[in-house]
There are 2 protein chains.
Amino acid sequence: MSEVREKATLAGQATTQLGKLRTAQKNEALLLMADALVKESEAIIAANAEDLARGRDNGTSESLLDRIALNPDRIAGIAEGLRQIVELPDPVGHVLESIDRPNGLHIEKISVPLGVIGIIYEARPNVTVDAAGLCLKTGNAVVLRGGSAALASNSKIVEVLREALSRSALPVEALQLVEDPSRASVDEMLKLNGLLDVVIPRGGASLIRNVVENATVPVIETGAGICHTFIDESAQETMAAAIAFNAKVQRPSVCNSMETLLVHERFAASHLADLAAKFQEANVELRGCERTLELIPTATAATNEDYATEYNDYILNVRIVRNIEEALQHIHTYGTKHSECIVTENAEHASQFLQEVDAAAVYHNASTRFTDGFEFGFGAEIGISTQKLHARGPMGLPALTSTKYRIVGSGQIRG
Amino acid sequence: MSEVREKATLAGQATTQLGKLRTAQKNEALLLMADALVKESEAIIAANAEDLARGRDNGTSESLLDRIALNPDRIAGIAEGLRQIVELPDPVGHVLESIDRPNGLHIEKISVPLGVIGIIYEARPNVTVDAAGLCLKTGNAVVLRGGSAALASNSKIVEVLREALSRSALPVEALQLVEDPSRASVDEMLKLNGLLDVVIPRGGASLIRNVVENATVPVIETGAGICHTFIDESAQETMAAAIAFNAKVQRPSVCNSMETLLVHERFAASHLADLAAKFQEANVELRGCERTLELIPTATAATNEDYATEYNDYILNVRIVRNIEEALQHIHTYGTKHSECIVTENAEHASQFLQEVDAAAVYHNASTRFTDGFEFGFGAEIGISTQKLHARGPMGLPALTSTKYRIVGSGQIRG
């Protein structure tokens with residue numbers, strides 16, 4: 001049996017015991033995990049040093065090395081993340097619906113763990129701990145497959161966490177790490193129907209595309225965001241500038257940052273030059289439609305391909321539109337249904353935008369950067385779903401649950 | 001552009017208008033559709049006669065021909081189904097959660113249509129109407145791909161329904177039928193990411209397997225059920241016999257019927273012979289474990305493959321177990337997480353079974369045959385989901401919705 005299949009099978013065998021745990025038992029295990037991480041910081045940092053040395057030998061970029069790097073402070077922060085999960089309400093075991101049928105059947109819909117969750121992710125070793133904590137808090141077993149660049153770190157972390165689990169009421173086998181660094185182990189995970197209940201990819205566009213295109217196991221797609229801000233004619237200048245600037249510049253590398261600014265022609269005539277100057281001062285490269293280029297000669301021409309690109313960088317498309325309909329049409333054509341914003345003082349336009357834009361999060365007068373489980377007050381985030389099935393937008397703990405119907409009768413048969 | 005892609009694109013263009021409709025407008029369209037079906041019965045039956053004649057020429061089985069066949073009564077029944085959908089509450093447009101953040105952001109989670117739903121199904125032309133009605137009631141556009149054996153009937157029905165839509169507030173393009181009978185049109189639908197939000201297969205095991213294995217679009221898996229009834233030591237004899245008999249014999253061809261009967265050894269010693277005789281009188285072929293064969297010499301030996309087979313027929317596996325743990329282990333090994341039942345007077349065992357069995361519907365003292373949207377009181381059923389994502393068990397109208405977050409601010413930006 002392959003490593004992947006064996007570990008998924010062991011995880012599956014742990015689910016019965018996991019489903020029976022009380023919240024207090026799960027929380028106790030998470031606290032033991034947090035303490036163990038801090039206590040074993042030195043050993044984890046030593047393993048991490050191996051990853052970093054191998055990365056340097058292989059010419060890994062400094063920015064990637066920085067994302068992999070662990071130090072006592074970062075480990076303390078990761079442990080603190082586990083303790084925060086302890087504080088969150090347990091979404092498992094609740095009666096979500098209760099139905100009494102005329103024939104006397106009593107039906108209850110109960111929230112239950114999903115079962116076995118596969119997480120496929122890239123370099124950051126903090127995802128290892130974070131995903132383990134979120135899955136175990138919700139009574140799920142988890143099979144982690146992290147990037148090979150952090151393999152030594154991940155192996156040590158999971159060893160430490162499993163040792164902590166062995167001192168808890170949770171089954172150790174609920175937490176599995178696939179250590180085969182080959183592409184084949186990912187491919188195999190994606191086809192483990194019957195052993196994995198869901199696969200969640202966390203990482204860049206190519207990782208997510210590979211999972212979506214090749215998985216036969218159900219997937220929760222996360223990630224890609226080509227987000228827009230539309231500044232309407234009636235927008236307050238200061239507010240519009242602040243929201244647009246924040247959406248682009250506060251953290252350009254993330255999925256909820258803005259890639260294209262749509263500006264009503266009247267607002268553009270009065271204010272676009274100032275706004276553009278502000279972006280350019282912040283080293284944002286501007287690519288504009290024809291009318292934009294007339295107002296901002298230093299911008300380059302935006303292509304349709306630009307409008308369809310998630311830059312995740314200091315680059316911004318600017319397009320001038322005649323009215324809200326043109327803005328809606330642009331978003332319908334190029335948006336990825338992630339996060340979209342209108343800045344307007346026109347209540348009718350705000351209402352139309354919130355109604356008609358088909359996206360996980362639609363904003364009136366606030367930055368798209370708020371699409372985030374913590375900003376929504378969920379206290380945790382597994383990722384941001386960009387699909388419409390099961391969960392949409394920022395996913396908190398309830399996104400890691402399913403349901404089952406319990407039906408109690410007194411001998412009812414169907415006629 | 002292929003027929004499939006063109007029709008999915010047209011359906012997608014209809015979604016904005018669909019999302020804005022009021023419940024009354026959708027209901028009016030459904031009633032127009034129902035009336036049109038009855039009014040055009042003659043033309044539909046003429047088209048249906050073509051399918052039946054072609055089927056007979058091709059040597060189609062009489063049972064399949066019967067499933068395809070339409071007559072005025074059946075059409076009236078199908079139209080009545082649409083009228084029943086009108087009576088159901090509209091699951092779209094509800095505020096499911098409302099969050100006020102310390103920074104003043106007001107966040108609402110709203111139920112919205114899924115978007116464009118692909119339905120891939122087999123022969124019965126009633127599915128054409130049923131699926132159209134359920135999708136349109138929930139504000140979704142739908143792309144139907146029915147079996148080629150009913151193509152003429154489906155084409156005529158969709159023509160009639162679209163004509164009715166043209167007299168309603170609904171966009172005609174919301175309802176699409178793929179008429180290309182080749183396997184290629186199904187294959188193409190399964191890869192229409194970005195155009196279809198979900199594909200739901202309705203049909204036999206091989207159709208469902210094809211969809212699950214080849215779709216890159218999100219799928220709601222429906223169907224396969226290897227369901228068990230466990231008769232515990234303390235079960236009331238009459239109740240146990242009635243439930244087991246009903247689960248097997250009332251309609252063996254469906255997914256919620258029983259395939260394997262698990263019997264506690266003490267109950268078996270006293271009552272299995274009588275129960276077996278009752279099954280055999282009803283022409284149920286019995287396949288038993290070794291101990292069963294001692295009590296029922298007329299049964300044949302059950303293999304592990306038998307335990308893993310969904311017969312959908314008058315065949316039943318019987319296995320004697322020493323205790324509830326053995327029953328749970330058997331269900332864990334061979335169950336498909338559809339519907340499972342314990343018959344017992346022991347409250348502790350009932351509670352253990354309801355807790356530990358991982359299935360969409362778990363029963364205490366009632367037949368598994370009740371796993372059905374109508375029996376649960378949903379008033380409709382799109383199918384029975386056997387996956388854990390999005391929807392599990394019988395799916396009513398809410399299973400055809402997604403959510404979106406609407407966020408209203410006053411200039412908030414992220415710090």
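Please read all numbers here as calculations on a predicted model, not as lab measurements.

Basis of the calculations
Residues numbered from 1 in each chain as written. Chains lettered and ligands numbered in written order. Predicted model: local features only at pLDDT ≥ 70, side-chain atom pairs only at ≥ 80, totals over all residues. Heavy atoms only, no water. Least-squares fit on C-alpha atoms with pLDDT ≥ 70 in both. Contact = heavy atoms within 4.5 Å. Buried area = accessible area lost by both parts, 1.4 Å probe. Salt bridge = Lys/Arg side-chain N within 4 Å of Asp/Glu carboxyl O. Phe/Tyr/Trp six-rings, centres within 6.5 Å; stacked < 30°, edge-to-face > 60°. Helix = DSSP H or I, 4+ residues; strand = E, 2+ residues; numbered from the N terminus. Buried < 20%, exposed > 50% of the residue type's maximum accessible area, 1.4 Å probe, protein only. Lys NZ or Arg CZ within 6 Å of the ring centre and 35° of its normal. Axes fitted to C-alpha atoms, helices over the stretch in contact; angles between N-to-C directions. Parallel < 35°, antiparallel > 145°, perpendicular 65-115°, else oblique. Left-handed = near helix turned anticlockwise from the far one by under 90°. Nonpolar A, V, L, I, M, F, W, Y, C, P; charged D, E, K, R; others polar.

Asker: For the relation of the copies chain B and chain A, give the residues involved together with the corresponding values.
Answerer: Rotating chain B by 180° about the axis while translating it 0.0 Å along that axis superimposes it on chain A, leaving an RMSD of 0.1 Å. Here the transformation between the copies is reduced to the relation of a two-fold axis. For chain B, the residue whose C-alpha comes nearest the rotation axis is His390 of chain B, separated from it by 1.8 Å.

Asker: Tell me what's going on with the interface of chain B and chain A, and back it up with residues and numbers.
Answerer: The figure often quoted for interface size is the accessible area lost as the parts come together. The partner chain A presents 71 residues to the 71 residues of chain B that form the contact. Regarding the contact of chain B and chain A, the summed buried area is about 6000 Å², with carbon and sulfur atoms giving 52% of it. A per-residue breakdown of the area chain B buries against chain A is headed by Leu389, Tyr405 and Arg414 of chain B, which together make up 14% of the total. Seen at the junction of chain B and chain A, the total is eight salt bridges.

Asker: For the packing of aromatic side chains, give the residues involved together with the corresponding values.
Answerer: Taken as a whole and assessed by the stated rule, the structure comprises ten aromatic pairs over all chains. For the ring pair Tyr405 of chain A and Phe376 of chain B, a centre distance of 5.0 Å and an interplane angle of 75° mean the geometry is edge-to-face. In this pair, Tyr405 of chain A sits in strand S16 (residues 401-412) while Phe376 of chain B sits in the loop between strand S13 (361-366) and strand S14 (383-385), so the two residues belong to two different chains. Judged by its relative accessible area of 3%, Tyr405 of chain A is buried. Ring geometry for Tyr307 of chain B and Tyr334 of chain B: centres 5.4 Å apart, planes at 50°, overall tilted. A residue pair is termed long-range when its members are at least 10 positions apart, and Tyr307 of chain B in helix H13 (residues 304-307) and Tyr334 of chain B in helix H14 (residues 324-334) qualify at 27 residues. Judged by relative accessible area, Tyr307 of chain B falls into the buried class, the value being 3%. An aromatic cluster is defined as three or more aromatic residues linked by ring pairs; in this entry it consists of Phe376 and Phe378 of chain A together with Tyr405 of chain B. The positively charged end of Lys278 of chain A is found above the aromatic ring belonging to Phe245 of chain A, 4.4 Å away from the centroid.

Asker: Talk me through the packing of helix H5 (residues 72-87) of chain B against helix H6 (residues 126-137) of chain B; I want residue IDs and the actual numbers.
Answerer: Residues and elements named next belong to chain B. Orientation of H5 relative to H6, taken along the N-to-C sense of each, is 15°, at an axis distance of 10 Å. Overall, the two elements H5 and H6 adopt an arrangement that is roughly parallel. Considering only the axes of H5 and H6, their crossing is right-handed. Counting all contacts with H5, which are made through Ile78, Leu82, Ile85 and Val86, the residues of H6 involved are Asn126, Val129, Asp130, Gly133, Leu134 and Lys137. For the contact of H5 with H6, the class distribution of residues is six nonpolar, two polar and two charged.

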